[in-house]
Amino acid sequence: MTSSIDKPVSAYSRDYLRAVMACAVTCLLTLPLADQVDLANIVMLFLLAVVLVAARLGSGPAVLAAFVSVALFDFFFVPPRFTFVVADGKYLITFAVMLVVALLTGQLAGRLRAKARIAAEREAETRALYDMAKELSGTIGAEQVAEIARRFLATHLGFEAVMYVPRDDGSLVAFPERQVRQACQTHVRAVFEGGRAMQLAAEESGYFPALALPLASPRCTRGVLLVFATDAQTICADEQRPLFEAVASLVAITIERLHFSEVAREVELQMTSERLRNALLAAVSHDLRTPLTVLVGQADALTLERAGLPETARASAAAIRDQALRLSSQVHKLLDMARLQTGKIELNREWQPLEEVIGSSLKAMAGVLAGREVRVELAPDLQPLEFDAVLLERVLCNLLENALRHAPDGAIVIAACSVDDSVEITVTDLGPGVPAGDESRIFESFERGEQKGGVGLGILAGQLQFHECQPEAGGLRGARHAAGGFADAEVGA
């Protein structure tokens, strides 16, 4: 795919010499016909030679062939022959017409040849790019992509190339590895961040003049392609730039495909791991429920035994019962989490006032809340809501337990108010709060932050969002329920 501008001077010299030889051969072939055919026919033969030279060698040699043909025709065929003297002035018109026709036909034929050559070069470029695209489609790593791009540019254009792609930490790594100056790294970084091509001088690249092209994909810049050449004019030639950009585009699309393939593999692995974990949790939790129920029952029986059981044994039985109940609660949370994440849980929604479920939550937590100030602040305009009372009570209990764990002192405030078409419930304490940047992790599985107790299942037990019902003619419209984070629940804040 080397263009004609890259031909050496010796090649041009040979083309002009061949043009002169073509005219000489035409003259030798037509000399025996000088006395047998009309001179007009001989002129046509010379014009044919000029056209053939233009079609074969180009417009430059065709111009030379036109002048040489007129000179040969004058010297060998126009009387007096074998001299450049013209006896009849009408032949001057013949010479002029012959020269003009030869020049025009030569130029037209030369242009057609140039267009045909350009079309052939474009076809070769397209085929080469197609072959490169086929190779890139089977790559599985950035190293392979860089090698294919480097081999393409070296084979078809004679240029060396280095590809830079970003690491996870944002730094750029070169394929193949190459020691470059700090200035070159700075320019490559500027091209990567700015998304615009940049020409580098030899002193800037530390090697040869270079062209840095951004690997721009539809979403973002995936890297930089650095192309080296022996001189600046070659690297910046207008006819080379589209090909460079096409190579950079193919490489960028391939790098993006590899990125999304890796993301898809990670997501698939995470989904598989999550399914296996949920299945394991469900199976283990289900198998633990029966022995825990028996253990709680036996501990209850021992604590109720009035005769023959020492006080220390009765206290131990009570401790066993309390710990068994605590473990049973954790198992229930595991089961609830597995059902929530698999979407198999069914809400038992009923219309009821919010203060009732808040009161039942405080009653359930009365033992652990003993001596702790808890304030309930409900807006006076709250209307009845349709929700699952058991799940919402568990959410509130978990939030209260979390507040006790993180804020051993100070009041705990449970508040609720209407916000647009929803009801916002908050549980606020005076704890240290959620660390900055960790707010989005509250609802992740087994996320505990810096807490000293629990297993990170509390809030997961009821990830529900309740919306206020609106009055309508003839009754209340059904409230809408959606899975999601229990928004505005300020845990440990």
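Predicted model only: the values in this text are computed from it and were never measured.

(A) Structural detail: the pattern of salt bridges. Considering all chains together, one arrives at 13 salt bridges under this definition. Across the salt bridge formed by glutamate 256 and arginine 222, the nearest N and O atoms sit 3.2 Å from each other. Taken as a pair, glutamate 256 in helix H9 (residues 241-304) and arginine 222 in strand S5 (residues 221-228) lie far apart in primary sequence, 34 residues in all. With relative accessibility at 10%, the residue glutamate 256 sits in the buried group. Each of Glu135, Glu147, Arg150 and Arg151 takes part in a single network of salt bridges with overlapping partners.

(B) Representation of a nonpolar patch on the surface within the structure. Taken together, the side chains of Leu33, Val37, Leu45, Leu48 and Leu52 define a hydrophobic patch exposed on the protein surface, amounting to about 390 Å² of accessible area. Relative to the assigned elements, leucine 33 resides in the loop between helix H1 (9-30) and helix H2 (39-57).

(C) Examining the environment of glutamate 350 more closely. Relative to the assigned elements, glutamate 350 resides in strand S6 (residues 349-352). As a C-alpha pair, glutamate 350 and alanine 389 span 39 residues in sequence and 7.6 Å in three-dimensional space. Discounting chain neighbours no more than four positions away, the residues touching glutamate 350 are Leu385, Glu386 and Phe387.

(D) Expanded view of unusual backbone geometry. Cis rather than trans, the peptide bond between proline 79 and proline 80 has omega equal to -10°. Not every positive phi belongs to a glycine, and aspartate 420 is a case in point at roughly 55°. Within the element layout of this structure, aspartate 420 appears in the loop between strand S9 (412-419) and strand S10 (422-428). Judged by its relative accessible area of 73%, aspartate 420 falls in the exposed class.

(E) How the structure looks around the environment of phenylalanine 82. Following the sequence through the fold, phenylalanine 82 ends up in the loop between helix H3 (59-76) and helix H4 (90-137). Leaving out residues up to four positions away in the same chain, phenylalanine 82 has contacts with Phe75 and Phe76.

(F) View of the side chain of threonine 254. By secondary structure assignment, the location of threonine 254 is in helix H9. By relative accessible area, which is 6% here, threonine 254 ends up buried. Polar side-chain contacts of threonine 254 include one of 2.8 Å to the backbone oxygen of leucine 250.

(G) Representation of the packing of H4 against helix H5 (residues 142-156). Orientation of H4 relative to H5, taken along the N-to-C sense of each, is 165°, at an axis distance of 10 Å. With respect to their mutual orientation, H4 and H5 come out roughly antiparallel. The hand of the H4/H5 crossing is right-handed. Contacts from Ala128, Leu129, Met132, Glu135 and Leu136 in H4 reach Val145, Ile148, Ala149, Arg151, Phe152 and His156 in H5. Its residues assigned to classes, the contact of H4 with H5 comprises eight nonpolar, one polar and two charged.

(H) Highlighting the nonpolar core. In terms of nonpolar packing, the biggest core is built from 32 residues, with Leu153, Met163, Leu225 and Val251 touching the most fellow members. Among the elements of the structure, H4, H5, strand S1 (160-166), strand S2 (172-175), strand S4 (210-216), S5 and H9 are those that each provide at least two residues to this core. Among the elements that line this core, the one with the most residues is H9, at eight residues. Residues in contact with methionine 163, not counting those within four places in the same chain, are Ala142, Val145, Ala146, Val173, Ala174, Phe175, Leu215, Val224, Leu225, Val251 and Ile255. By size, the runner-up hydrophobic cluster in this structure holds 25 residues, among which are Val50, Leu72, Phe76 and Ala102.

(I) A look at the sheet that holds S1. Taken in spatial order, the five strands line up as S2-S1-S5-S4-S3 in an open sheet, and their pairing is antiparallel. For this open sheet the edge positions go to S2 and strand S3 (198-200), each flanked by a neighbour on one side alone. Across this sheet, the average inter-strand angle for adjacent strands is 25°, counted without regard to direction. The sheet contact formed by S3 and S4 spans three bridges and is antiparallel. Pairing of methionine 198 across the sheet is with alanine 212, part of S4. Against the sheet, H5 touches S1, S2 and S5, its axis set at about 155° to S1.

(J) Molecular detail of the confidence of the model for the protein chain. With 80% of its residues at a pLDDT of at least 70, the protein chain reaches an overall mean of 77. In the model, residues 2-6 has pLDDT below 50 throughout and makes nine contacts with residues more than four positions away in sequence or in other chains.

(K) Highlighting H3. Compared with an ideal rise of 1.5 Å per residue, which puts 18 residues at 26 Å, H3 spans 25 Å between its outermost C-alpha atoms and is within 8% of the ideal. All of the buried residues along H3 are Pro61, Ala62, Ala65, Ala66, Val68, Ser69, Val70, Leu72, Phe73, Asp74 and Phe76.

(L) Representation of H2. Relative to the 27 Å expected for 19 residues at 1.5 Å per residue, H2 spans 27 Å between its end C-alpha atoms, a close match to the ideal helical length. Turning to H2, its buried residues are Leu39, Ile42, Val43, Phe46, Leu47, Ala49, Val50, Val53, Ala54 and Leu57. Angular distribution of buried residues about the axis of H2 spans 150°; they occupy a single face of the element. Across from the buried face of H2, at angles greater than 90 degrees, the exposed residues are Met44, Leu52 and Arg56. Capping of H2 at its N-terminal end is provided by aspartate 38; its side-chain oxygen lies 3.0 Å from the backbone amide nitrogen of alanine 40. Positive backbone phi, at 115°, marks glycine 58, one or two positions downstream of H2.

(M) Main features of the sheet that holds S9. With respect to topology, three strands assemble into an open sheet ordered S7-S9-S10, the strand pairing being mixed. What marks the edges here is a single partner per strand, and that holds for strand S7 (374-378) and S10. Adjacent strand axes in the sheet meet at a mean angle of 10°, parallel and antiparallel pairs treated alike. Here S9 runs beside S10; their pairing, made up of seven bridges, is antiparallel.

(N) Structural view of the packing of aromatic side chains. What the rule picks out here adds up to five aromatic pairs. Centroid distance phenylalanine 46 to phenylalanine 77: 6.0 Å. Interplanar angle 75°. Geometry classified as edge-to-face. Of this pair, phenylalanine 46 sits in helix H2 while phenylalanine 77 sits in the loop between H3 and H4, and the two are 31 residues apart along the sequence. Across the pair, exposure class does not vary: phenylalanine 46 and phenylalanine 77 are buried alike. Members of the aromatic cluster, connected to one another through ring pairs, are Phe46, Phe73 and Phe77.

Parameters and conventions
Per chain, residue numbering runs from 1 following the sequence as it is written. Totals for whole chains, interfaces and linings use all residues, but because this is a predicted model, local features are given only for residues with pLDDT of at least 70 and pairs of side-chain atoms are given and counted only at 80 or more. Note: side-chain values were computed over all heavy atoms of the structure, leaving out hydrogens and water. Definition used for salt bridges: Asp or Glu carboxyl oxygen within 4 Å of a side-chain nitrogen of Lys or Arg. Elements are defined by DSSP. Helices are runs of H or I of four residues or more, strands are runs of E of two residues or more, and each kind is numbered from the N terminus. Only protein chains enter the calculation, and the probe is 1.4 Å; a residue is then buried if its accessible area is under 20% of its type maximum, exposed if over 50%, and partly exposed in between. Put simply, a patch holds well-exposed residues, over 30% relative accessible area, that have no salt bridge, with like charges counted together within 9 Å and Val, Leu, Ile, Met, Phe, Trp or Tyr side chains within 5 Å. All accessible-area figures derive from a Shrake-Rupley calculation using a 1.4 Å probe, and residue coverage is judged against the displayed protein chains alone. Contacts are assigned to residue pairs that have any heavy atoms within 4.5 Å of one another. N or O atoms within 3.5 Å of each other form a polar contact, as long as, within protein, one can give a hydrogen and the other can take it, and as long as residues adjacent in sequence are counted only when both atoms are side-chain atoms. The axes used here are C-alpha line fits, helices contributing only the stretch in contact, and every angle between their N-to-C directions lies in the interval 0 to 180 degrees. Every angle not falling under 35 degrees, over 145, or within 65 to 115 is termed oblique; those three ranges are roughly parallel, roughly antiparallel and roughly perpendicular. When the near helix sits turned anticlockwise from the far one by under a right angle, the crossing is termed left-handed; a clockwise turn instead gives a right-handed crossing. As a working rule, the residues Ala, Val, Leu, Ile, Met, Phe, Trp, Tyr, Cys and Pro are called nonpolar, Asp, Glu, Lys and Arg charged, and the rest polar, with Gly in that last group. By convention a nonpolar core is built from buried Ala, Val, Leu, Ile, Met, Phe, Trp, Tyr and Cys residues, the set being connected through side-chain atoms within 4.5 Å. Strands pair, by our definition, only if DSSP identifies at least two bridges between them. pLDDT: the predictor's confidence for each residue, scored from 0 to 100. Given the number of residues in a helix, its expected span is that number minus one, multiplied by 1.5 Å. When we speak of the arc, we mean the arc of directions from the helix axis to the C-beta atoms. Pairing of aromatic rings covers Phe, Tyr and the six-membered ring of Trp, with a centre-to-centre limit of 6.5 Å; geometry is then stacked below 30 degrees between planes, edge-to-face above 60, and tilted otherwise.

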